[in-house]
Amino acid sequence: MNREIWLDFLRVTACFLVMIVHSTEPFYLGGDGTLVLSATDAFWVSVFEGLARCCVPLFVIASGYLQLPLRHSTGEFFRRRAVRVVVPMVIWTVVYALVWGHPVANFKGLLLNFNYAAGHLWFVYMLLGLYLIMPLLSPWAEKVSRRELSIYLGIWGLTLLIPFVRESAGGMAPVIYAWDGLPAPALFPLWGEASWNPFGLFYYVSGFVGYLLLGLYIKRFVPTGRLMRVLGWTLFLVGFVFTCFGFLQRIVASGSFPVEGSVELAVAWEAAISFCGLPVAITALGLVLVFRSMPEGDTFSGASAQKLATEKVSSSGKTGASAFYRHIILPLSTAGYGMYLMHMLVLGPVSAWLRSRLDITPVAILGTALLSFVSVGLIAVALRRIPRVGKWIVG
């Protein structure tokens, strides 16, 4: 089976964008939970969040593109996912439980949820939830028409407006709606939701499942080429503008600098950069179209990785980028899940060290992301090459 080489580039990019997001967070999360020291910090935080917030949707779109419809039986699909995803997650969950916080308390809580000190692990639980419903979606995905899939994506698109509808209806003031007990700002109930019923009208067609269907739609019905590339860049820029300035506007509206408050204040700001909000979705879709529609003949084409690996570089250098793909992108892509799992062990100390020595916010953010990406990439690739056990550690 041919390898979709552009997806390797996309995954590596998404992994770097994750590190941008986590390198940015210390500049608005601090103190009692929320702390932005200056207008300059607010601007750069908004810029980097606008650029990088699409990272998680990119991973899910790639999963939908590759996995739907399923190529294996349900049992085989779950077996493969367990080896690829669950075992490494368990290993690194134990590592975080031992390293951060109080190990005894951490292990007691692991049966119920991830260690909150390793908050990025929420992504794995969300992804496993998507895997649970993929066998249900797969038969439909095999025969769905473009019109039917477009209708469902249109409904899902409406749900991407829900964060902004909630904000408009409920404002920033809390409303009693704490049915789940999580430490989060109260949500204004919409369309059938109530304190006794969180499962409203759009509950089952909202969230990350839409990105799975978007990946399927792109694979089945979206062409490639220059027009799609131009459209992709346009969507990316539009999404970036709305994400960036939406976040910045909320910070500025919260008062004079330094802006301080509980963590609920930052969570309220993040409505503008919600992973399942329209601006971020537009940004993610744009990047996918850009990567998928790179000029033919580049290493981004759909040629098989095996053919590319044995390809000789022409005198014109047209295929010279294949060496970059073979030696850099492909190893990082295959170790990308492990990079995601372990990166906070490196990024946290790197961020603290750079912030104590640099007072130029964009340099500190980019420096943290780059140093963490390179360090974690080398570690993950090396671990994955350990015979027999490497794949169990990093996926």
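Further up the page is the structure itself.
Residues numbered from 1 in each chain as written. Predicted model: local features only at pLDDT ≥ 70, side-chain atom pairs only at ≥ 80, totals over all residues. Heavy atoms only, no water.

Turning next to the layout of surface pockets. Quantified by volume, the second largest pocket comes out at close to 1,300 Å³. Broken down by element, the residue count for the lining of the second largest pocket peaks at seven residues, all from helix α4 (residues 74–99). (1 Å grid on protein atoms, 1.4 Å probe; cavity = no way out; pocket = protein on both sides within 12 Å on 5 of 7 lines; lining within 4 Å. Points joined across faces, edges and corners; volume = space filled by probe spheres on them. Helix = DSSP H or I, 4+ residues; strand = E, 2+ residues; numbered from the N terminus.)

This part is about unusual backbone geometry. Across residues other than glycine, the phi torsion is negative in most instances, and most of the peptide bonds are trans. The omega angle of the peptide bond from L68 to P69 is -10°, so this bond is cis rather than trans. Among the structural elements, P69 can be located in the loop between α3 (55–67) and α4. Residue P258 is bonded to the preceding F257 through a cis peptide linkage, with omega at 0°. Locating P258 in the fold gives a position in the loop between α10 (226–252) and β2 (259–262). Unlike most non-glycine residues, W191 shows phi in positive territory, near 50°. Under the relative-accessibility criterion, W191 is labelled partly exposed at 45%. Of note in the backbone geometry, R388 takes a positive phi value of approximately 70° without being a glycine. Along the chain, R388 falls in the loop between α16 (361–384) and α17 (390–394). Since its relative accessible area comes to 82%, R388 is described here as exposed. (Buried < 20%, exposed > 50% of the residue type's maximum accessible area, 1.4 Å probe, protein only.)

Tracing the backbone through its elements, the reader meets L345 in helix α15 (residues 336–355). Residues L345 and S372 lie 27 residues apart in sequence; the distance between their C-alpha atoms is 9.3 Å. If near-sequence neighbours (up to four positions away) are discounted, L345 is found in contact with W92, V95, Y96, V99 and W100. (Contact = heavy atoms within 4.5 Å.)

Turning our eyes to something else, we now look at the nonpolar core. Within the largest apolar cluster, 104 residues are counted, with the highest numbers of intra-cluster contacts made by L58, F123, F208 and Y211. With 13 residues, the single largest contributor to this core is helix α1 (residues 5–24). If we skip the residues at most four places from it in the chain, Y211 touches P57, V60, I61, W156, F275, C276, G277, V280 and A281. (Core = buried A, V, L, I, M, F, W, Y, C linked by side-chain atoms within 4.5 Å.)

The next subject is α15. Of all the bends in α15, the greatest, near 50°, is centred on M342. Counted residue by residue, α15 has 14 buried out of 20 residues, so it is predominantly covered. (Bend = angle between axes of the 7 residues up to and from the residue.)

What follows is about the environment of A284. Structurally, A284 is set in helix α12 (residues 278–292). Among the residues examined, A284 registers a relative accessible area of 0% and is labelled buried. Here the alpha-carbon distance between A284 and A52, two residues 232 residues apart in the chain, equals 9.3 Å. Residues in contact with A284, not counting those within four places in the same chain, are C54, P57, L58 and I61.

A word on the packing of aromatic side chains. Evaluation of the coordinates by the stated rule reveals 27 aromatic pairs. Measuring from centroid to centroid gives 4.9 Å for W156 and Y211, while their planes differ by 75°, and the two rings are edge-to-face. Note that W156 is positioned in helix α7 (residues 146–159) and Y211 in helix α9 (residues 209–221), a separation of 55 residues in sequence. Overall, Y211 belongs to the buried group, its relative accessible area being 0%. What links up through ring pairs into an aromatic cluster is the set F59, W122, F123, W156, F208, Y211, F275 and Y340. In this structure, R53 packs its charged tip against the face of F275, placed 4.4 Å from the ring centre. Just above the ring of Y65 sits the side chain of K219; from NZ or CZ to the centre is 5.8 Å. (Phe/Tyr/Trp six-rings, centres within 6.5 Å; stacked < 30°, edge-to-face > 60°. Lys NZ or Arg CZ within 6 Å of the ring centre and 35° of its normal.)

Before going further, it helps to spend a moment on a nonpolar patch on the surface. Together, L158, L161, V165, W191, L201 and L278 give the surface a local cluster of nonpolar side chains, amounting to about 530 Å² of exposed area. Its place among the elements puts L161 in the loop between α7 and α8 (162–170). Residue classification places L161 among the partly exposed positions, given a relative accessible area of 36%. (Patch = residues over 30% accessible without salt bridge, like charges linked within 9 Å, V, L, I, M, F, W, Y side chains within 5 Å. Areas by Shrake-Rupley, 256 points an atom, 1.4 Å probe, with all protein chains shown as cover. Salt bridge = Lys/Arg side-chain N within 4 Å of Asp/Glu carboxyl O.)

Moving on, we come to the environment of V259. Looking at where V259 falls in the secondary structure, it is placed in strand β2. Given the relative accessible area of 2%, V259 is considered buried. Beyond its immediate stretch of four places on either side in the chain, V259 contacts T34, L35, V36, I251, S254, L265 and W269.

A separate point is the side chain of H343. For H343, the location among the structural elements is in helix α15. Within the structure, the side chain of H343 is placed 2.7 Å from the backbone oxygen of Y340, a separation counted as a polar contact. Discounting chain neighbours no more than four positions away, the residues touching H343 are V18, M19, H22, Y96, H120 and V376. (Polar contact = N/O pair within 3.5 Å; in protein donor to acceptor, adjacent residues only side chain to side chain.)

Okay, the pattern of salt bridges next. Summed over all chains, the structure comprises four salt bridges. A salt bridge links R79 to E76; the shortest N-O distance between them is 2.9 Å. Taken as a pair, R79 and E76 lie in helix α4 at a separation of three residues, close to a single helical turn. Among the residues examined, R79 registers a relative accessible area of 47% and is labelled partly exposed. Judged by relative accessible area, E76 falls into the partly exposed class, the value being 24%. When salt bridges with common partners are traced through the structure, they connect E76, R79 and R80 into a single cluster.

The terminal C-alpha atoms of α3 lie 19 Å apart, and with 13 residues this matches the ideal 18 Å at 1.5 Å per residue to within 8%. Most of α3 is tucked away, with 12 of its 13 residues classed as buried. Turning to α3, its buried residues are C55, V56, P57, L58, F59, V60, I61, A62, S63, G64, Y65 and Q67. On its buried face, α3 sits against α1, α2 (39–52), α4, α6 (122–143), α9 and α12. (Expected span 1.5 Å × (residues − 1).)

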